[in-house]
Amino acid sequence: MQSPTADGVPSEASVYAKVTRRLIPLLFVCYVVAYLDRVNVGFAKLQMVDALQFSDAVYGFGAGIFFIGYFLFEVPSNLLLERLGARVWIARIMITWSLVSGAFAFVEQIPWGPLPALFGLPRVEFSFYALRMLLGLAEAGFFPGIILYLTYWYPSARRARAIALFMTALTVANVFGGPLSGAIMQYADGLQGWAGWRWLFVLEALPSMVVGVLVLVWLPDTPATASWLTSSERAVVQRAVAADYTPASAGATAERVRDAMKDGRLWALAFVYLTFALGLYGVNFWMPTIIQELGIGKTDYLRVGLISAIPWGLAGIAMVLYGSHSDRTGERRWHVAAALLVASGGLLGLALSGHAIVPSVVSLTLVACGLLCAASAFWSLPTGFLRQSAAAAGIAWINSIGNLGGHFGPDMIGRIRESTGSASAAFLALAGLVASGGVVTLLATRPNAMPGAPMLRQPRQEPS
């Protein structure tokens, strides 16, 4: 039931409650299945590396090369989303990545012709790298596309909470995806003559195909095309979003792509996001291995999944509360910086805890909570000074540059593990890098850090 104002116009609070109910659950499910297909290689690794005779270095490089493909197509993908519409483009992304993800079950059977020899790689190793890169190309533009899409609907004062609700999919994917992946690996192993890791890729690719079709049917491109909003409700949303772009801020707003690329804040925030991705994916792709090495049985994959759910479950709760607090106070920069410093402390603890189970799980929890809390407020920083096409390109550019950390983090851990037998040195390096991201956040987003920079603190929104 709506709560209209005295003149009969729906209140902004009631309209946004309706918008959130209609959009966020679908986008949430999209991100859950996307993230499962991106990181399930971490669980598959527990069987796959022995079956395919991969070293830690081969796995680490292959896990991370996903982000090279992501980088190459990120900005073009977001610009195509703006041109073709969110509904068609997000559906295209999901359907193509579903096909590529399922193909991992046949990794050693795919004919690549002369390409492996051209790159000087064994055929199966090349196939693993190629599929991971193709998965990145297929998924490129999904996350920044959703962030851009939310700017069509939510003004900056409401955006951090919407992003936090959407990004809790990260934690749900890990909370439920870990036990699910472990259960598939453990109980489907040998079914129809297939190893558990093959079933993992096929079964977790199917939901992406289904959800991609649902996006094509249900997702409106903009508020103007949302049939489930009345004309007065659409007007409320459009006014709220338009109010973010006022003559007072126009002089400091990057309207064109080339203006956005000249803005030093864009590059600084890309570095911050790089440190975030180094920590997040470095730990995430290796978490099943880290947990298994705490003394879990080699084939007790379900137990590994259940323990991995602990850090992500707590992080999901923390992220929603943290994003809501950032919205209530209107403060962004300190929220991001403080959370990154917490994550850095967790990485330091991980480096020092060895194979002690309680300190290791506590450290993993600090890493997960710190990084996801930082993410809940982070995207309100660039969307505070980018608009229109500059927002499409700028958000994608930050995400693509930043996500290169998703390549270097897992790769660094794999190489250090292979050369030293331990990942402690890698976690120390990651702790320093993540901490530097917090420092750069504070320096680059000061109100007077650059000429004409708008305040990156949003006014507190009073309850309506």
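Here we summarise the structure given alongside this text. Nothing here was measured: the structure is a model prediction, and the numbers come from that model.

Conventions adopted
Residues numbered from 1 in each chain as written. Predicted model: local features only at pLDDT ≥ 70, side-chain atom pairs only at ≥ 80, totals over all residues. Heavy atoms only, no water. 1 Å grid on protein atoms, 1.4 Å probe; cavity = no way out; pocket = protein on both sides within 12 Å on 5 of 7 lines; lining within 4 Å. Points joined across faces, edges and corners; volume = space filled by probe spheres on them. Helix = DSSP H or I, 4+ residues; strand = E, 2+ residues; numbered from the N terminus. Nonpolar A, V, L, I, M, F, W, Y, C, P; charged D, E, K, R; others polar. Core = buried A, V, L, I, M, F, W, Y, C linked by side-chain atoms within 4.5 Å. Buried < 20%, exposed > 50% of the residue type's maximum accessible area, 1.4 Å probe, protein only. Contact = heavy atoms within 4.5 Å. Phe/Tyr/Trp six-rings, centres within 6.5 Å; stacked < 30°, edge-to-face > 60°. Lys NZ or Arg CZ within 6 Å of the ring centre and 35° of its normal. Expected span 1.5 Å × (residues − 1).

1. Describing empty space enclosed by the protein
Tallied over the entire structure, the rule returns 3 cavities of 30 Å³ or more. Computed from the structure, the largest cavity encloses a volume of approximately 120 Å³. Forming the walls of the largest cavity are 15 residues, and the residues nearest its centre are Val39, Phe43, Asn174, Asn284 and Pro288. Counting residues per element, the ones that place at least two in the lining of the largest cavity are helix H1 (12–39), helix H2 (41–52), helix H8 (156–187), helix H13 (264–292) and helix H14 (301–329). Looking at which element gives the most residues to the lining of the largest cavity, the answer is H8, with 5 residues. Of the residues belonging to the lining of the largest cavity, the class tally is 7 nonpolar, 8 polar and no charged. Along its surface, the second largest cavity is lined by Tyr31, Arg38, Phe143, Met167, Leu170, Tyr273, Phe276, Leu280, Tyr281, Asn399 and Asn403. Listing elements by their share of the lining of the second largest cavity, those giving two or more residues are H1, H8 and H13. Split into classes, the residues belonging to the lining of the second largest cavity amount to 8 nonpolar, 2 polar and 1 charged.

2. A short note on the nonpolar core
Formed by 148 residues in total, the largest nonpolar core has its most connected members in Val19, Tyr31, Trp153 and Phe427. At 16 residues, H13 tops the list of elements feeding residues into this core. Setting aside residues up to four positions removed in sequence, Val19 forms contacts with Ile24, Trp153, Tyr154, Trp228, Leu229 and Val237.

3. Considerations on the packing of aromatic side chains
By the definition in use, this model includes 33 aromatic pairs. The ring of Tyr59 has Lys45 lying over it, and the distance from NZ or CZ to the ring centre is 5.8 Å. Taking the ring centre of Trp89 as reference, the NZ or CZ of Arg92 above it sits at 4.3 Å.

4. Regarding helix H19 (residues 424–444)
Counted at 1.5 Å a residue, the expected span for H19 with its 21 residues is 30 Å, and the 30 Å between its end C-alpha atoms agrees. Those residues of H19 lying buried are Ala426, Phe427, Leu430, Ala431, Val434, Ala435, Gly437, Gly438, Thr441, Leu442 and Ala444. Close packing links the buried residues of H19 with H13, helix H15 (333–352), helix H16 (357–378) and helix H18 (405–420).

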